[in-house]
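Residues per chain are reported as follows:
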Amino acid sequence: MKAFFNDPFTPFSKWLSQPVYIQSLTFLLLLSAVIFRPVLDYIEASEHFAETEYELAKKSLEFLYQQKILTSLQQQSESRKLSPELAAQIIPLNKQIQRLAVRNGLSQHLRWEMGQQPILHLQLIGHFEKTKTFLTALLASTSQLSVSRLQFMKPEDSPLQTEIIFQLEKETK
């Protein structure tokens, strides 16, 4: 082994015979090659950590926003619950609407929206005279409903389609 270090023609001996700045440069190049990979891994890991931290903050903000929406919806839902008094008004109205529609040969679809003032969306399909008879009978027998919107549509080769929006008065007149 001493012969290897003492032999002036080996690469190590040639490197030792170089000036100090070349030895230092070579040493720094070898050292940087050795530590380059760990430094690169550290940089990549810190970038990944920063991205993950950013995504976490973004997701937590999104979660808080969705939580606020959920809380708001729950509060609105609580304020719009169907009270027993309101249910006592709606159930007989539904039965009366269905009975009148069947009696007049109309196809009907109804949907309630519960808010501060309950709203009934009613769609009827049938002839004009039967629709007129239905509406007259319904409004004559029920003082709780007031018409907000009435729309007639007559597609070609189809029966008359009527869309009516009623508001339910909470207290009977």
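Below or above, wherever it landed, is the structure these notes cover. Everything quoted here is computed from the prediction, not taken from an experiment. (Residues numbered from 1 in each chain as written. Predicted model: local features only at pLDDT ≥ 70, side-chain atom pairs only at ≥ 80, totals over all residues. Heavy atoms only, no water.)

### Topic: unusual backbone geometry
Backbone phi values are negative for most residues with the exception of glycine, while trans is the configuration of most peptide bonds. With a phi close to 55 degrees, Asp-157 is a non-glycine residue in the positive phi region. If you trace the backbone, Asp-157 turns up in the loop between β3 (145–153) and β4 (160–168). (Helix = DSSP H or I, 4+ residues; strand = E, 2+ residues; numbered from the N terminus.)

### Some remarks on the sheet that holds strand β2 (residues 119–126)
Spatial ordering of the open sheet is given by β1-β2-β4-β3, a layout of 4 strands whose pairing is antiparallel. Either end of the sheet is taken by a strand with one partner, and the two such strands are β1 (107–113) and β3. Taking each pair of neighbouring strands and ignoring which way they run, the sheet shows an average axis angle of 15 degrees. Sheet topology note: the β1/β2 ladder contains 7 bridges and is antiparallel. Paired with Arg-111 across the bridge in β2 is His-121. (Pairing = 2+ DSSP bridges. Axes fitted to C-alpha atoms, helices over the stretch in contact; angles between N-to-C directions.)

### What to know about the packing of helix α4 (residues 84–103) against helix α5 (residues 128–141)
Here α4 crosses α5 at 150 degrees, and the two axes come no closer than 10 Å. Here α4 is positioned roughly antiparallel relative to α5, judged by the angle of their axes. Where α4 crosses over α5, the two elements pack in a sense that is right-handed. Contacts between α4 and α5 involve Gln-96, Ile-97, Leu-100 and Ala-101 from the first element and Phe-134, Ala-137, Leu-138 and Ser-141 from the second. Classifying every residue of the contact of α4 with α5 by side-chain character gives 6 nonpolar, 2 polar and no charged. (Parallel < 35°, antiparallel > 145°, perpendicular 65-115°, else oblique. Left-handed = near helix turned anticlockwise from the far one by under 90°. Contact = heavy atoms within 4.5 Å. Nonpolar A, V, L, I, M, F, W, Y, C, P; charged D, E, K, R; others polar.)

### Considering the pairing of β4
Of all 9 residues in β4, 7 are buried; the element is thus mostly enclosed. Sheet analysis places β2 next to β4, joined by 8 bridges and oriented antiparallel. The residue bridging Gln-123 from the neighbouring strand is Glu-163, located in β4. Two strands pair when backbone bridges link them, and β3 and β4 are joined in this way by 8 bridges, in the antiparallel orientation. Its bridge partner being in β4, Gln-151 is matched across the sheet by Glu-163. Hairpin remark: β3 followed by β4, antiparallel, with 6 residues in the connecting loop; positive phi at Asp-157, about 55 degrees. (Buried < 20%, exposed > 50% of the residue type's maximum accessible area, 1.4 Å probe, protein only.)

### Considerations on the pattern of salt bridges
Scanning the entire structure with this criterion turns up 3 salt bridges. Between Asp-41 and Arg-37 there is a salt bridge, with the nearest N and O atoms lying 3.6 Å from each other. Of the two residues, Asp-41 and Arg-37 both sit in helix α3 (residues 20–79), 4 residues apart, roughly one turn of that helix. (Salt bridge = Lys/Arg side-chain N within 4 Å of Asp/Glu carboxyl O.)

### Side note on the side chain of Thr-162
Examined against the element boundaries, Thr-162 turns out to sit in strand β4. Contact partners of Thr-162, with chain neighbours within four places excluded, come to Leu-122, Gln-123, Leu-124, Thr-131, Leu-150, Gln-151 and Phe-152.

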